[in-house]
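# Overview (structure and organization)
The chain contents come next:
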Amino acid sequence: MTTFTKIGYSAAFAAVLLAGCATNQQQFTYTAPILPEAASGFTAKPGWVTKKFAVAAANPLATDAGYQILKAGGSAVDAAVAVQMVLGLVEPQSSGIGGGAFLLHQDGKLNGKMEAFDGRETAPAAATESLFIGKDGKPMSFTEAQVGGRSVGVPGTVRMLEMAHKQHGKLPWAALFQPAIALAEGGFKVSPRLNTLLAAEKNLKNDPVAAAYFYDATGAAWPVGHVLKNPAYAAVLRQIAAKGSKALHEGDIAQSIVNKVRNHPTNAGQLSLQDLANYAPKKREPLCFDYKVDPETYQICGMPPPSSGAIAIGQILGILNNTVAPQLPLDSATAPTAAEFLSPDWLHLYLEASRLTFADRAQYVADPDFVAPPAGSWQEMLNPVYLEKRAKLIGEKSMKTATAGIPLPYDAMKVGVNFNQTLKYAPMPDQPEYGTSHISIIDAAGNALAMTTTIEAAFGSMQMVNPFSTANPTLSGGFLLNNELTDFSFAPTDAAGKPIANRVEPGKRPRSSMSPTLVIDKTTGQVIMSAGSPGGALIIHFTAKTLIGMLNWNMNAQEAINLPNFGSLNGPSILEAKRFPASVVEALKAKGHEIREIEMTSGLQAIERTTAPNSTSYNGFFGGADPRREGIVLGD
Ligand code: GLU
């Protein structure tokens, strides 16, 4: 594990990594569908050193709310509640009380228990597998499905936070809403990123509540620095602060959510009061795997399904550990040079490992309450013997499209049976996934959390709820509803009628890519790193890159986050625009890769524990935040 006190990567390497930054200031209009939120420039970040506690979030006002709570003696979960409520105000495009979230938490006591809180949205009871099939019998376009009530899942973030707070909260629930209420009533300055996204957005204005809140009378996005007040959001938060999640899931606010979804003029959904009242967050076993970086073995933990994040990261890392050519730096003692890191050979291996991983994801991963894991356990997808076999499929040239593997016990069944029978589901076709935010916190008692929170696409379903608009028109603003149901497969079956595991079913949770990650030092049992990112399916690559940077290449959190982004979703090989030399691109093409250079707007946040020079005892924290977004880290 690297620390900021150790040597990071070489100066030459740093120069290459940062070379793209200066030219990357301009904003791009992107067209590729795999992208999540748009880019809003690249601002170099210093990385932050703290001693007692640290909080990292995607917006300075949100980070500050968490900092105030930690300073007041609050726990990591307390701080996460405060951060989330402010994010819903200042970064409304990405997450909020109308969405869902996953929270991974480890108790600060040595060898403390780790828990995974699932606040994923669910499909309404009335949803059917043809939810996203259009009148022509074909899957709808993404925007057709997204905008309106159809895509809205039952929100889970507030109930999940309430569950986590009941267990791990130190400060009173109501106190955690104060920073957001004060900012919503007093006003906050529109950030450059919010302004950029509002200006580029075409559909949000069609919702009258959102149009009145986010745009001026001429329809122009509020400018950067404009003081925006959201008294309706403050009034909703006051009720949740006083009565808990019931205030959102039952009564007048619930009714206004239902009205918004069901009364959409062109694309209504089926969410009911009962769906909202019945929503229950779930506690799941975290999905953990060992990761060897000689001489250390780390334990990496993340969310189990319905997220595909931890499984996918574990597969990529596991396959790579079976493939990496010896001359490439995969031990903690050797920092890579620029040429080594950017080596087409290494990128080829990573991209091929990605393909194999995304083929398995498409085949197997869905809500575990509806779909059984292959061979009886999700861990079979991470079985080292299985991953070694998968790694052997990687050749000199790109395989272009990988097919799913058969995790081991299935493989054993090949003898004497038609093992195709065991592939009960058809693979899910690649589909766009887009508005999410990541929070990492370690408090003074050592409680650590990683929480990734989302309303899916930027501005979610583009539906803003204001429960007070009729009774009290002076209470303007409100909160946005998610479009998380578009994370289900639009097509319920393949062409032959075989069902897809991640198809829509009533009460089901859509498969996610969110990857809140905690890394454990196996000798001390302590969390030494908390990390995660938004970015749709690319979250998996953004997080894997950061883990490789920190664990394998001795980088600190900021250096690892700064690394160029890359990955494949089992289609083209995707590279972050303007961050890779033409020679690398050409060499990959020569290996058969179809290259797409696009904005890859990660929003990584990471906190690592540091050790004093020549010592193994922890002496504080170092945090990093993504230069591609507005996040910062704070702590004492
Ligand atoms: N809805 C996506 C998921 O849960 C995340 C979208 C994003 O990060 O932009 O995997």
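Residues numbered from 1 in each chain as written. Predicted model: local features only at pLDDT ≥ 70, side-chain atom pairs only at ≥ 80, totals over all residues. Heavy atoms only, no water.

### Digging into the overall build of the protein
Across its full length, the protein carries 20 helices and 21 strands. Taking all 636 residues of the protein together, 66% fall into the buried category. Split by element, the accessible area of the protein, about 21,300 Å² in all, is 56% carbon and sulfur. (Helix = DSSP H or I, 4+ residues; strand = E, 2+ residues; numbered from the N terminus. Buried < 20%, exposed > 50% of the residue type's maximum accessible area, 1.4 Å probe, protein only. Areas by Shrake-Rupley, 256 points an atom, 1.4 Å probe, with all protein chains shown as cover.)

### So, the sheet that holds strand 11 (residues 448-454)
Strand order in this open sheet of seven strands is 7-4-3-11-10-2-21, and the pairing throughout is antiparallel. Looking at the sheet topology across the chains shown, the edges are occupied by strand 7 (282-284) and strand 21 (632-634). Between one strand axis and the next, the sheet turns by 15° as a mean value, whatever way the strands run. Here strand 4 (residues 114-119) pairs with strand 7 via three bridges, running antiparallel. When the bridges of strand 7 are listed, Phe 117 appears paired with Lys 283. Sitting on the sheet, helix 2 (residues 60-71) is in contact with strand 2 (54-57), strand 10 (436-442) and strand 21, with an inclination near 160° to strand 2. (Pairing = 2+ DSSP bridges. Axes fitted to C-alpha atoms, helices over the stretch in contact; angles between N-to-C directions. Contact = heavy atoms within 4.5 Å.)

### Here we look at helix 15 (residues 344-364)
In a regular helix each residue adds 1.5 Å, so 21 residues correspond to 30 Å; helix 15 covers 30 Å between its end C-alpha atoms and thus fits that length. When you tally the buried positions in helix 15, you get 20 out of 21 residues, the bulk of the element. At the N-terminal boundary of helix 15, the capping side chain belongs to Ser 343, with an oxygen 3.0 Å from the backbone nitrogen of Asp 345. (Expected span 1.5 Å × (residues − 1). Polar contact = N/O pair within 3.5 Å; in protein donor to acceptor, adjacent residues only side chain to side chain.)

### Topic: the state of the cysteines
Scanning the model with the defined rule gives one disulfide in all. Each disulfide pairs two cysteine sulfurs, and for Cys 288 the partner residue is Cys 301, the sulfurs being separated by 2.1 Å. Sign of the S-S torsion, about 110° for the bond between Cys 288 and Cys 301, identifies this disulfide as right-handed. Here Cys 301 lies in strand 9 (residues 296-302) and Cys 288 lies in strand 8 (residues 287-293), a separation of 13 residues in the sequence. Judged by relative accessible area, Cys 288 falls into the buried class, the value being 19%. Given a relative accessible area of 1%, Cys 301 falls into the buried group. (Disulfide = S-S within 2.5 Å.)

### A look at the packing of aromatic side chains
Aromatic ring pairs are defined here through the distance separating the ring centres and the angle between the ring planes. The tally for this structure, following the rule as stated, stands at ten aromatic pairs. Ring centres 5.8 Å apart and planes at 70° place the aromatic pair Phe 214 and Phe 459 in the edge-to-face group. Under the relative-accessibility criterion, Phe 214 is labelled buried at 0%. Ring geometry for Trp 346 versus Phe 566: centroids 5.7 Å apart, planes at 90°, classification edge-to-face. By relative accessible area, Phe 566 is classed as buried at 1%. Each residue in the set Trp 346, Tyr 350, Trp 553 and Phe 566 is aromatic and connected to the rest through ring pairs, giving one cluster. Lys 205 extends its terminal NZ or CZ atom over the ring of Tyr 215, reaching a point 4.9 Å from the ring centre. The ring of Tyr 618 carries the charged tip of Arg 609 above its face, separated from the ring centre by 5.2 Å. (Phe/Tyr/Trp six-rings, centres within 6.5 Å; stacked < 30°, edge-to-face > 60°. Lys NZ or Arg CZ within 6 Å of the ring centre and 35° of its normal.)

### Notes on the nonpolar core
One finds Met 85, Ile 97, Phe 177 and Phe 479 to be the most contacted residues of the largest nonpolar core, which totals 84 residues. Take this core: its biggest share by element is twelve residues, from helix 3 (residues 76-90). Residues within four places of Ile 97 in sequence aside, it is in contact with Met 85, Pro 155, Val 158, Tyr 233, Val 236, Leu 237, Ile 240, Leu 248 and Phe 479. Residues Ala 312, Phe 358, Ala 560 and Met 600 belong to the second largest nonpolar core, which totals 68 residues. (Core = buried A, V, L, I, M, F, W, Y, C linked by side-chain atoms within 4.5 Å.)

### Quick look at empty space enclosed by the protein
The probe, sized like a water molecule, is rolled over the atoms to show the empty space still left. Its boundaries defined by the atoms lining it, the largest cavity holds a volume of some 80 Å³. In this structure, the largest cavity is lined by 15 residues; those nearest its centre are Gly 88, Pro 92, Ser 95, Phe 479 and Leu 480. Elements with a minimum of two residues in the lining of the largest cavity: helix 3 and strand 13 (479-480). For the lining of the largest cavity, the per-class residue count stands at nine nonpolar, six polar and no charged. (1 Å grid on protein atoms, 1.4 Å probe; cavity = no way out; pocket = protein on both sides within 12 Å on 5 of 7 lines; lining within 4 Å. Points joined across faces, edges and corners; volume = space filled by probe spheres on them. Nonpolar A, V, L, I, M, F, W, Y, C, P; charged D, E, K, R; others polar.)

### Considering the side chain of His 541
Relative to the helices and strands, His 541 is located in helix 18 (residues 539-552). Given a relative accessible area of 0%, His 541 falls into the buried group. At 2.8 Å, the side chain of His 541 forms a polar contact with the side chain of Tyr 350. Setting aside residues no more than four positions away along its own chain, His 541 makes contact with Ile 316, Tyr 350, Ser 354, Phe 358, Phe 566, Gly 567, Ser 568 and Leu 569.

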